[in-house]
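The lines below spell out each chain.
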Amino acid sequence: MEARALWLDGRRILWPGAGRDGVFKLYRSEGASLRIEAGSRVRGPEQSFALASVKALPAARYRYAGDGPVLALASEPPPLFGQFVLVRENSEGVVQEASTLQIAGALDARYAAAEKETRLGVALSGGTARFKLWAPTARQAAVCIYENAGSPASALMQMRMDHGTGIWAARAKAAEGKYYKYVVDVFSPAAGLVRNLVTDPYSVSLSTDSARSYIADLGDRKLKPTGWDSTRPPRTLAAQPDMSIYELHVRDFSINDATVSPANRGKYTAFKETGSAGMQHLRALARAGMTDVHLLPVYDIGSVPEHGCVMPKPEGAADSEQQQALIEKTKLSDCYNWGYDPYHYSAPEGSYSTDPADGARRIIEFREMVMALHNAGLRVGMDVVYNHTYRAGQDEKSVLDRIVPGYYHRLNGKGEIESSTCCFNTATEHRMMAKLMIDSAELWARHYKIDSFRFDLMGHQPREAMLALQARVNKAAGRHINLIGEGWNFGEVANGARFVQASQLSLNGTGIGTFSDRGRDAVRGGGAGDSGDKMITQQGFINGLVYDPNGSAAHSAEELLKASDMVKVGLAGSIRGYRMQTWQGEVRELQSLVYGGDQPAGYASQPGEVVNYVENHDNQTLYDLNVMRLPRNTSSADRARVQVLAAAINAFSQGVAYYHAGFDILRSKSLDRNSFESGDWFNRLDWSYQDNYFGTGLPPAADNGKDFALMKPLLADAGLRPSPADIAFARDAFRDLLRIRASSTLFRMRTAEDIRQRLRFLNTGIGQVPTVVAAQLDGSGYAGAGFRSIVYLINVGKEEASIAGAAGKQYRLHPVHTAATAADKRAATARYDSAAGSFTVPPRTAVVFVE
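Residues numbered from 1 in each chain as written. Predicted model: local features only at pLDDT ≥ 70, side-chain atom pairs only at ≥ 80, totals over all residues. Heavy atoms only, no water.

### Section: the state of the cysteines
Stated formally: Sulfur atoms of two cysteines make up a disulfide when they are within 2.5 Å. Helix numbers and strand numbers start at the N terminus; a helix is a DSSP run of H or I with at least 4 residues, a strand a run of E with at least 2. Residue exposure (1.4 Å probe, protein chains only): buried if accessible area is under 20% of the type maximum, exposed if over 50%, otherwise partly exposed.
By the definition in use, this model includes 2 disulfides. Disulfide partner of Cys309: Cys335, at an S-S distance of 2.0 Å. As the torsion about the S-S bond is roughly 95°, the Cys309-Cys335 disulfide counts as right-handed. Taken together, the residues Cys309 in the loop between strand 19 (299-301) and helix 4 (322-330) and Cys335 in the loop between helix 4 and strand 20 (342-348) connect sequence positions 26 residues apart. Paired through a disulfide, Cys422 and Cys423 show a sulfur-sulfur distance of 2.3 Å. The sign of the S-S torsion, about -85°, decides the handedness of the disulfide formed by Cys422 and Cys423: left-handed. For Cys422, a relative accessible area of 51% puts it in the exposed group. Owing to a relative accessible area of 19%, Cys423 belongs among the buried residues under this scheme. By sequence order of its bonded cysteines, the chain has the disulfide arrangement 1-2, 3-4.

### With respect to the pairing of strand 4 (residues 47-54)
Rules: Strand pairing is assigned whenever DSSP detects at least two bridges linking the two strands.
As paired strands, strand 3 (residues 23-29) and strand 4 are joined by 4 bridges and run antiparallel to one another. Within strand 4, the residue paired with Tyr27 across the bridge is Ser48. Both strand 4 and strand 5 (residues 70-73) contribute to a ladder of 4 bridges, which runs antiparallel. Bridging across to strand 5, Ala52 finds its partner in Ala72.

### Concerning the side chain of Thr269
Keep this limit in mind: For the purposes of these results, a polar contact is taken to be a pair of N or O atoms within 3.5 Å, where, inside protein, one atom must be able to donate a hydrogen and its partner to accept one; residues adjacent in sequence count only when each atom of the pair is a side-chain atom. We call two residues in contact whenever any of their non-hydrogen atoms come within 4.5 Å of each other.
With respect to the secondary-structure elements, Thr269 resides in the loop between helix 2 (250-255) and helix 3 (277-288). Of note is the side chain of Thr269, whose polar atom sits 2.7 Å from the side chain of Asn264. In contact with Thr269, not counting residues within four places along its chain, are Asn264, Thr354, Glu365 and Glu368.

Spatial relationships are all this shows, so hold off on functional conclusions.
This is the structure we're talking about:
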């Protein structure tokens, strides 16, 4: 039976699609004994409740469900434990149609007070542990205590429920350092009455493979490494646009680094080895101007065995299918996953700990990692995935749905869990799921000193919840915590179908940043989901569109000019009201330019609300895309230069700058478009700068197999692999760009008004040189500008180019370009003619002049 009916609040029920005639009744059975068939009378009810049709419309959040009768209980609503079925009967009591109920609205209305509870989970005081579990639909609940991670239960304590909040509570003496699980009796729509032994949704740590929750006080001195209380993030940010972010996976960072002790490779503790090649790399980035490391998920994940995982070592030719076949065979038992499969949101992942069996060890080692990064001059950000869970229902790795079945996940019109995010979508529009998200973020900010958060698929969450989260984490940390996320608008919540989303077009004015696909697509060509021939034909601004065709498709001059305009949109921070001359000679606001057929190109109110990037963990790396899009005969050195051009556009763009780890050393994943479970083999990083791992075999067939014929000849071509000299050039040129960005707030302007007043694009309109993007930044009277004015120029073409600027100025090359250590010697040959007011830029070069 489908759960089409929605319990809206304390008394009202919406039944979409139901007939309106007859008699409506709500039946309840605490023992789940209801038997209902159309054409027969209801059997097995323990209670029945009369319902009356009402004219009141449901709240806007429910209008997505469709039209149907709105019914109201005539009496006080019953306890919400047990089986409920809504029935439409004829005058003789015969069932015409029936529906089970989605009860989240009723739970939110009845137990609203639970939202204000400050200490769900376990709290320690004087050696006594206090347990609190929100389980309002449970018939009974208990706590099982274990002396250690592997012992049988030593105590079972019944819990008592507070009927005003739906929270069950119990206490246990001398419980510190022990483990626990909850026992709850609940009604599952799919399984009936069940007794579930389940970990705590508010777990702060766990035993191996998340089998048991750990009893700890995160404020305990025993869980703090020496110096933890005094550690502080480096003071590198005065405003959100100051952020330059390096997106890094904990295991990727060190698993392939021979300079790290074997026991620490792939672990939190690798970051403590200050002499390792990886830490030297991060410190060099910090010295150049990188401000943040954003760690891919480090909360407890469900996909990696924490004990006994395997590390396959593939071998084979550059275009062989052998490597991916072995990875496919071991992907569920190997040590690798990106971690977008949340199990427990507020506990550190155990596979990155040197001892996952010890609940204390992962807490201490996580904090040691944060301290090490702070000491290296880097703030620490965290990728969080509150939009879905790894499992749901009665699966053994389901937590939320086994405690309050049907509440924490977003359901469709049939009562099934939505899965548009890939997995089991959570419903952060419900009070206690929003609370879980906000409480979790607060814990990471308060107890782990996390400086910023990157929200996966943030557009699936309400704007209201994100604003509440921002206020809470700021208060917990005693400072501003930076929030950025994916503001994509899709799925069952698209276009505000259920609530005002935390999406690109809905977050303006909040200061929360969203990733911009505008500049990304224009720079590298195509879109995020390209496959087949589009991976080759969709050349972009940096990789040959029109000016260096790869022979796969014809492109018009107009396409290049449009791409140039969209690159400028990104450089201007995608600010809605910024006015710019387009390639057609019109002066227009960015919000009036069209992106993707129906979206405004300019969507942000302030520069801090935009995150600029050309590559992240998703999809192919830029190096791999360029392998496919640049002409095959492009030299290895030019491929490195093209990578640096993309970095320059990102570095000069207003807003937050975001880079995928390894972008600066030409990282390849051997053309893999989705390496989330492709193992260490396809995700390797080489901090010795000798290899980028292009051509290590065909990537996993599940996401790439349909394109193997296209990939094979490319992977087999040894000429497409960079030399160590190419990697070193990209590395050093990238750091120079960071230094240039850090040298002036003109690359990091604080407000939209600053950008409108101080940014002016050169070489625009009809007759422009289409391969050159250039702009002048006015620094007069601007705090931190460092220069009277700046002109930057990016020539993506294969020939030297000259453009008109401003006559009579005293421009010289930026000091970074003229330093003895400058990586790009070609940039130092750029020229400014003060008499003519013109700039001349070498081919495939980004250059900055200062006044």
